[in-house]
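Summary of the model geometry
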Amino acid sequence: MSAPFSTNLRDILQLAPTKSALTLNGFVSDILPPIFCYFVTAVLVLIPRTHWIRLALWPITVVLALRATSSTDFALNDPRQAFWNIDLVLSMFCITTRTLQWILMKNPPKRIVQDREATPSRNTYDIIKDALDLMINLRGHDWNWSGGLYIPPETRPTSSRLRFILATLISCIIHGLTCGALHTAVQTFSPDGFATHNGGTIFDASLPAPVRYLRSSIISTMTAFAIYSVLRCGYELMAIGGIVVLGQEPHQWPPAFEKPWISVSLREFWGKRWHQWFRGTFLFLGARPLSYIGGRVGGIIGAFLASAVFHHTALYVLDENAKLWNMIVPFAMMGLGMVLERVYTMVSGRKVGGWLGWVWTMFWLVLWGNPMVDAWAQAGMMGCSTILDSTGPLRTGVVYLVKEFDDVLHQYTIQ
């Protein structure tokens, strides 16, 4: 794109040339408008014969979402808080893609109530309540448009809202502390390298290859568990808010994960045990279009390519020089792994599973998780810092143990 065209496009769309630190006025003028359009579209999709209104509103929603991401710096000029900008961009990504999905719906979505019968929104109160649920219910559980969605079994008490909230709060605190400890551990491996906002690689060239990849695999695994912990913590905070503020019921906030570390196949990991928040989006953007070309295999690869674009969008927020292939390759290989499982089942007549299935799954996840985590590390993600990292006495112990372990690994430094 040439500079004049880029400048003219910014002028036409009234995009800010530079980002400004978040203020109350900025939030009202730049962030609330696309959220309001999101809400209006959620209301309209529940009302029959509103297709053309939704269609007319969508370009406005896209432009407002672009303005929000281009004008506001949620990090307040602090590179250690850059993850807030990632949250902003991904939120706007979801708003634009989900409203597009709602445009293409032929019939209004229906809630599936306790007796499992799909029911339409009936009055203004129902429509507003259901619209709010549509906005935050990314998986679509309890809706008729989420066919095939797997929901993990509930382990918290649901008979009492208070008991459910307390159990969720305890879990939230535990996973918040766990995330902080793991992030601290990862940063301790390279306090002057990838643990800074300038970023760096997780592969230590001073170590022989076996030790180098053992070390990077440990860092990648810790990062994966840190991501799991922070996602659970954030989801559980939202669950508490949904119940306390919006008056929702515990069954509207089922578990997001189901012990992904015990998965015995990639299909089980990605299709059941890992969160399914963006399942509908990835099916819409990637799986369904490519399935017309490549059938079931094309659908699998398409879903992971859509996920790669989604994650690259987040990576680009940190590093505008980040290459798309940094996400395309590892996510495409996850899709290839699932295709290989499918081939194995077709040839042998047996599904991947058991302890050998677990070994295969963990090996493949760690193998391609390494370049994925390295891309984030080079973009400076490991240098971000939150209140979760300040884990008090736990921090001191974590730093000491990691330093001692890393010193042992560096006894094998290449001379």
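Below you will find a few notes about this structure. (Residues numbered from 1 in each chain as written. Predicted model: local features only at pLDDT ≥ 70, side-chain atom pairs only at ≥ 80, totals over all residues. Heavy atoms only, no water.)

Digging into the nonpolar core
Counting 46 residues, the largest nonpolar core has Phe310, Leu315, Met327 and Trp376 as the members making the most contacts within it. The leading source of residues in this core is helix H9 (residues 279-318), at nine residues. Among the nonpolar cores identified, the runner-up in size contains 18 residues, and Leu46, Ala68, Met105 and Leu134 belong to it. (Core = buried A, V, L, I, M, F, W, Y, C linked by side-chain atoms within 4.5 Å. Buried < 20%, exposed > 50% of the residue type's maximum accessible area, 1.4 Å probe, protein only. Helix = DSSP H or I, 4+ residues; strand = E, 2+ residues; numbered from the N terminus.)

Section: the pattern of salt bridges
Here the structure, examined in full by the defined rule, presents nine salt bridges. With a closest N to O distance of 3.9 Å, Glu258 and Arg273 form a salt bridge. On the criterion of sequence distance, the pair formed by Glu258 in the loop between helix H7 (209-245) and helix H8 (266-273) and Arg273 in helix H8 is long-range, its members being 15 residues apart. Beyond isolated ion pairs, a larger network of salt bridges with shared partners links Glu258, Glu268 and Arg273. (Salt bridge = Lys/Arg side-chain N within 4 Å of Asp/Glu carboxyl O.)

Looking at the packing of H7 against helix H11 (residues 354-379)
In contact at an axis separation of 9 Å, H7 and H11 are set at 80 degrees when each is read in the N-to-C sense. Accordingly, the angle class assigned to the pair H7 and H11 is roughly perpendicular. Here Tyr213, Ser216, Ser217, Ser220, Thr221 and Thr223 of H7 lie close against H11, whose contacting residues are Val366, Gly369, Asn370 and Val373. (Axes fitted to C-alpha atoms, helices over the stretch in contact; angles between N-to-C directions. Parallel < 35°, antiparallel > 145°, perpendicular 65-115°, else oblique. Contact = heavy atoms within 4.5 Å.)

Comments concerning the packing of helix H2 (residues 24-45) against helix H5 (residues 124-136)
At a minimum axis distance of 8 Å, the contact between H2 and H5 shows a crossing angle of 120 degrees. The orientation of H2 relative to H5 falls into the category oblique. The element H2 and its partner H5 pack so that their crossing is right-handed. Facing Ile35, Tyr38, Phe39, Ala42, Val43 and Val45 of H2, the residues of H5 in contact are Ile127, Ile128, Ala131, Leu132, Leu134 and Met135. The class makeup of the residues in the contact of H2 with H5 is twelve nonpolar, no polar and no charged. (Left-handed = near helix turned anticlockwise from the far one by under 90°. Nonpolar A, V, L, I, M, F, W, Y, C, P; charged D, E, K, R; others polar.)

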